[in-house]
Amino acid sequence: MTNVLVSVFCPDRTGLVAAIAGRLFEVGANLGDTSFAVLGAAAEFTSVCEIPPHFTPDELRDDLAALPDLAGARIDVSPFGLDAQHGPTARITHVVSVSGGDRPGLIARLSEVFNQFKANIVRMDAQRVPVAGGSRYVTRFAVSIPDASVEACLNTVSNTAGELGLSSAWESPL
């Protein structure tokens, strides 16, 4: 099996994940780390996949491009030369949410806090959520925080959010 990175960027529409994942299954690909997100009116699907040795990245790209659901999509399939297995800093220890009004630089400030405590951001999601009378900006970080830094890191995130007039919460999925 060969590891490849499959990236699809296109206008958002219902059924994209089903179409892409279904076709990858049909050709014998095994999905590893995979993400999907709606970004404005667009959508992005990304996956590290193992593909059968008789199938080249270019053939897989052409095969995906033939799907009617992916008409007009930007599709890239390229060799994935890194280890497809996670290292220890990819183990999610906490999911941190910060919400409230949109604040320029919010993601940068929170990212700096995590970096200060040697916490690795494994996943991040931010979006404007419509609410009565406007919108609420919600940012979620799935992070790997070293055991020795957990309390100080989470307290600093809470203090940073409070200084910006935002609320914060966290949970440990472990």
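Structure shown above.
Let me sum up the structure you'll find in this document. Everything quoted here is computed from the prediction, not taken from an experiment.

The rules behind the values
- Residue numbers restart at each chain and count upward from 1, following the sequence in its written direction.
- Per-residue local features are limited, in this predicted model, to residues with pLDDT of at least 70; the limit for side-chain atom pairs, both in listing and counting, is 80 or more; totals at the level of whole chains, interfaces and linings are taken over all residues.
- Water and hydrogen atoms were dropped before computing side-chain values, which therefore reflect all heavy atoms in the structure.
- Between any two strands, at least two bridges found by DSSP are needed for them to pair.
- Where helices and strands are cited, they refer to DSSP runs of H or I of at least four residues and of E of at least two residues respectively, numbered from the N terminus.
- An axis is simply a line fitted to the C-alpha atoms; with a helix, the fit covers only the stretch in contact. Between two such axes, the angle follows the N-to-C directions and lies from 0 to 180 degrees.
- Only heavy atoms matter for contacts: two residues are in contact if any of them lie within 4.5 Å across the pair.
- Distance thresholds for patches are 9 Å for like charges and 5 Å for nonpolar side chains (Val, Leu, Ile, Met, Phe, Trp, Tyr), applied to residues having over 30% relative accessible area and no salt bridge.
- Per-residue accessibility takes into account occlusion by the displayed protein chains alone, with areas from the Shrake-Rupley method and a 1.4 Å probe.
- One side-chain nitrogen of Lys or Arg within 4 Å of one carboxyl oxygen of Asp or Glu is enough to make a salt bridge.
- Each residue is assigned to one of three classes by its accessible area relative to the maximum for its type, calculated with a 1.4 Å probe on protein chains only: buried under 20%, partly exposed between the two thresholds, exposed over 50%.
- Think of a nonpolar core as a cluster: buried Ala, Val, Leu, Ile, Met, Phe, Trp, Tyr and Cys residues, connected wherever their side-chain atoms sit within 4.5 Å.
- Nitrogen and oxygen atoms within 3.5 Å of one another constitute a polar contact, given that in protein one can donate a hydrogen and the other can accept it, and given that sequence-neighbouring residues count only through two side-chain atoms.
- This arc describes the spread of directions from the helix axis toward the C-beta atoms.

### Observations regarding the sheet that holds strand E1 (residues 2-11)
The 4 strands lie next to each other as E2-E3-E1-E4, forming an open sheet whose pairing is antiparallel. Each edge of the sheet is formed by a strand with only one pairing partner; in this case those strands are strand E2 (30-39) and strand E4 (74-79). Pairwise comparison of adjacent strand axes, ignoring direction, gives a mean angle of 10 degrees for this sheet. Alignment of E2 against strand E3 (residues 42-51), held across 8 bridges, turns out to be antiparallel. Following the sheet pairing, Phe 36 is matched in E3 by Phe 45.

### Brief notes about the environment of Val 143
Within the element layout of this structure, Val 143 appears in strand E7 (residues 134-144). Separated by 64 residues in sequence, Val 143 and Pro 79 place their C-alpha atoms 27 Å apart. If near-sequence neighbours (up to four positions away) are discounted, Val 143 is found in contact with Arg 91, Ile 92, Thr 93, His 94, Val 96, Phe 114, Asn 120, Ile 121 and Val 122.

### Points about a nonpolar patch on the surface
On the surface, Val 17, Phe 36 and Val 38 cluster together into a nonpolar patch covering about 230 Å² of accessible area. Classification of Val 17 as partly exposed rests on a relative accessible area of 36%.

### Some words on the sheet that holds strand E5 (residues 94-100)
Where strands meet in a sheet, backbone hydrogen bonds hold them as pairs that are either parallel or antiparallel. Within the open sheet, the 4 strands sit side by side as E6-E7-E5-E8. Their pairing is antiparallel. Taken across any chain shown, the strands that pair with only one partner, and hence form the sheet edges, are strand E6 (120-131) and strand E8 (167-171). Within the sheet, the average angular offset between the axes of one strand and its neighbour, ignoring direction, is 15 degrees. Examined bridge by bridge, E6 and E7 share 11 bridges and lie antiparallel to one another. What sits directly across from Ala 126, in E7, is Thr 139. The sheet strands contacting helix H3 (residues 106-116) are E5, E6 and E7, and the helix crosses E7 at an angle near 20 degrees. Each of E5 and E8 is contacted by helix H4 (residues 150-163), which is oriented at about 10 degrees to E5, the strand it contacts most.

### Structural notes on the nonpolar core
The nonpolar side chains of a soluble globular protein tend to be buried with one another. Grouped together as the largest cluster of nonpolar side chains are 20 residues, with contacts concentrated most on Val 6, Val 8, Leu 24, Leu 60, Leu 64 and Leu 70. The set of elements that each furnish at least two residues to this core consists of E1, helix H1 (16-26), E3, helix H2 (57-65) and E4. Once residues within four sequence positions are removed from consideration, Val 8 is found in contact with Ile 20, Ala 43, Glu 44, Phe 45, Leu 70, Ala 73, Arg 74 and Ile 75. By size, the runner-up hydrophobic cluster in this structure holds 19 residues, among which are Val 150, Cys 153, Ala 161 and Leu 166.

### Overview of the side chain of Ser 47
You can see Ser 47 is positioned in strand E3. Only 2.7 Å separates the side chain of Ser 47 from the side chain of Thr 34, close enough to count as a polar contact. Filtering out sequence-adjacent residues up to four positions away, Ser 47 remains in contact with Val 4, Leu 5, Val 6, Leu 31, Gly 32, Asp 33 and Thr 34.

### Thoughts on H3
Along an α-helix, residues three or four positions apart point the same way, because every turn accommodates 3.6 residues. Among the residues of H3, Leu 106, Leu 110, Val 113 and Phe 114 are the ones counted as buried. With its buried residues spanning 95 degrees around the axis, H3 presents them on a single face. Those residues of H3 that are exposed and angled more than 90 degrees off the buried face are Glu 112, Asn 115 and Gln 116. If you follow the buried residues of H3, they end up packed against E5, E6, E7 and H4.

### Focus on the pairing of E3
Among the 10 residues that make up E3, 7 are buried, leaving the element largely enclosed by the rest of the structure. Here E1 pairs with E3 via 10 bridges, running antiparallel. Looking across to E3, one finds that Thr 2 is bridged to Ile 51. Between E2 and the antiparallel strand that follows it, E3, lie 2 residues; Gly 40 among them carries a positive phi value of about 65 degrees.

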